[in-house]
Amino acid sequence: MGKIIAVTNQKGGVGKTTTAVNLSAGIGKAGKKCLLVDVDPQGNATSGVGIDKRTVKNSAYDIIIDGVKAADAVLHTAYDNLDIIPSSIELAAADIELIEIEHREARLKNALALLKSSYDYIFVDCPPSLGLITTNALCAADTVLVPIQPEYYALEGLSQLMNSVRIIKRRYNNHLDIEGVLLTMYDGRLNLTQQVVSEVKKFFPKKVFSTVIPRGVRLSEAPSFGMPVMYFDKGCKGAAAYNELAKEVIKNNKG
């Protein structure tokens, strides 16, 4: 039975989609069957694995709004053990359309329930907001993975996100837990980085991944080629970091 992990942070530019793409590709490379679900209207995870959004027949929008079967939206990628349910631009208006729908918070959960047994891991790349689409992802998820950039405002956004997770847990999904907090765009030479890391570890004892993701040119370049970084340049620091993170996630979920 697959584990559903929502990759989320309402603050943009923290490496959320980079993490969703490269972690799912890294876990696939390690031999586990992965599904990446792109519910961000920007669709960067979709293009990040080489899928042209303009040619997609069924997307996450069709599943959530029109009730299309999730299996009918799954596309195979060119990468080991990695499938995707792509995004589409229509998702931008989905928050408004969902208001009219009964049990609107459970649309994604019900759709993915039929796919859980086909995958080891299902990663959901959420929009950088806390609207109804993210609510759907958190209702569907077993755990939440939070990428954060170690900067001054990081903790402010983190407390808002944790408040949302608590509300979802109380109202809709009482087994929702934190998978872990991932430090991205990491530069250990900066004093501020060390201060923020120390605060995050206080805020989340035992939940901060030991793997950190460094800043890297190759990590930034890979999406424009539609490739996860370990396929784009397997020797770069970013590829090594996401492969390590994949191992850490797999290890944490054994047993």
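For the structure itself, consult the block above.
How each quantity is defined
- Every residue gets a number counted from 1 within its own chain, in the order that chain's sequence is written.
- Per-residue local features are limited, in this predicted model, to residues with pLDDT of at least 70; the limit for side-chain atom pairs, both in listing and counting, is 80 or more; totals at the level of whole chains, interfaces and linings are taken over all residues.
- No hydrogens and no water enter the side-chain calculation; it runs on all heavy atoms of the structure.
- Residues are called lining when one of their atoms sits within 4 Å of a cavity or pocket point, these points coming from a 1 Å grid over the protein atoms alone, where a cavity is a set in which a 1.4 Å probe fits but cannot get out and a pocket is an open set with protein on both sides within 12 Å along at least five of seven lines.
- Grid points are joined across faces, edges and corners, and a volume is the space filled by probe spheres set on the points.
- Only DSSP runs of H or I covering at least 4 residues are called helices, and only runs of E covering at least 2 are called strands; the numbering of each starts at the N terminus.
- Under this grouping Gly is polar, as are all residues other than the nonpolar Ala, Val, Leu, Ile, Met, Phe, Trp, Tyr, Cys and Pro and the charged Asp, Glu, Lys and Arg.
- Here a pair means two rings of Phe, Tyr or Trp (six-membered ring of Trp) with centres within 6.5 Å. Their orientation is stacked below 30 degrees between planes, edge-to-face above 60, and tilted elsewhere.
- Relative accessibility under 20% of the residue-type maximum defines a buried residue, over 50% an exposed one, and the middle range a partly exposed one, all with a 1.4 Å probe and only protein chains included.
- To sit over a ring, a charge needs its Lys NZ or Arg CZ within 6 Å of the ring centre and within 35 degrees of the ring normal.
- Salt bridge, as applied in this entry: a Lys or Arg side-chain nitrogen positioned within 4 Å of an Asp or Glu carboxyl oxygen.
- Pairs of strands are assigned from DSSP output, requiring at least two bridges between the strands.
- Pairs of residues are marked as contacts when any of their non-hydrogen atoms sit within 4.5 Å.
- An axis is simply a line fitted to the C-alpha atoms; with a helix, the fit covers only the stretch in contact. Between two such axes, the angle follows the N-to-C directions and lies from 0 to 180 degrees.
- To qualify as a nonpolar core, a set must consist of buried Ala, Val, Leu, Ile, Met, Phe, Trp, Tyr and Cys residues joined through side-chain atoms within 4.5 Å.

Student: I'd like a rundown of empty space enclosed by the protein, residues and numbers included.
Tutor: Enumeration according to the criterion identifies one cavity of 30 Å³ or more in this entry. For the largest cavity, the calculated volume is near 40 Å³. Looking at the largest cavity, the residues that line it are Asn 9, Lys 11, Val 14, Ile 148, Gln 149, Glu 151, Ala 154, Gly 157 and Leu 158. For the lining of the largest cavity, the leading source of residues is helix α7 (residues 154-171), giving three residues. Grouping the constituent residues of the lining of the largest cavity by class yields four nonpolar, three polar and two charged.

Student: Break down the packing of aromatic side chains for me, citing the residues and quoting the values.
Tutor: Applying the stated criterion across every chain yields a total of four aromatic pairs. Seen from their ring centres, Tyr 79 and Tyr 231 are 4.6 Å apart, and the 50 degrees between their planes marks the pair as tilted. In this pair, Tyr 79 sits in the loop between β3 (75-76) and β4 (82-85) while Tyr 231 sits in helix α10 (residues 229-232), placing the two residues 152 residues apart along the sequence. Taking relative accessible area as the criterion, Tyr 231 reaches 21% and is therefore assigned partly exposed. The interplanar angle of 65 degrees and the centroid separation of 5.0 Å between the aromatic rings of Phe 203 and Phe 204 together place this pair among those described as edge-to-face. With relative accessibility at 7%, the residue Phe 204 sits in the buried group. Taking the ring centre of Tyr 119 as reference, the NZ or CZ of Lys 33 above it sits at 4.8 Å.

Student: Could you give an account of the pattern of salt bridges, naming the residues involved and the relevant values?
Tutor: Within the structure shown, the criterion is met by 10 salt bridges. Lys 3 is the partner of Glu 179 in a salt bridge, and the nearest nitrogen-oxygen pair spans 2.7 Å. Here Glu 179 is found in strand β7 (residues 177-183), whereas its partner Lys 3 is found in strand β1 (residues 3-7), with 176 residues between them in sequence. Here Glu 179 falls in the buried class, since its relative accessible area comes to 10%. A salt bridge links Asp 52 to Arg 54, with the nearest nitrogen and oxygen atoms 3.1 Å apart. Each member of the salt-bridge network shares a partner with another, and the members are Lys 16, Asp 40 and Asp 125.

Student: Help me get a handle on the sheet that holds strand β2 (residues 34-38), residues and values and all.
Tutor: Strand order in the open sheet made by the seven strands is β3-β4-β2-β5-β1-β6-β7, with mixed pairing throughout. Of all strands in the sheet, those with a lone pairing partner are β3 and β7, marking the two edges. Note that β1 and strand β5 (residues 121-125) share five bridges and pair parallel. Across the sheet, Ala 6 pairs through a bridge with Val 124, a residue of β5. Most of the contacts of helix α1 (residues 16-29) go to β5, to which it runs at about 165 degrees, and overall it touches β1, β2, β4, β5, β6 (143-148) and β7. Strands β6 and β7 of the sheet are contacted by α7, whose axis makes an angle of about 170 degrees with β6.

Student: Talk me through the nonpolar core; I want residue IDs and the actual numbers.
Tutor: Within soluble globular proteins, side chains that are nonpolar tend to cluster in buried spots. By size, the foremost hydrophobic cluster in this structure holds 50 residues, and its most contacted members are Val 37, Ile 85, Leu 108, Leu 112 and Val 124. The contacts of Val 124, once residues within four sequence positions are left out, are Ile 4, Ile 5, Ala 6, Val 7, Val 37, Val 39, Leu 108, Leu 112 and Ala 137. Counting 35 residues, the second largest nonpolar core, distinct from the first, contains Leu 36, Val 56, Ile 84 and Ala 239.

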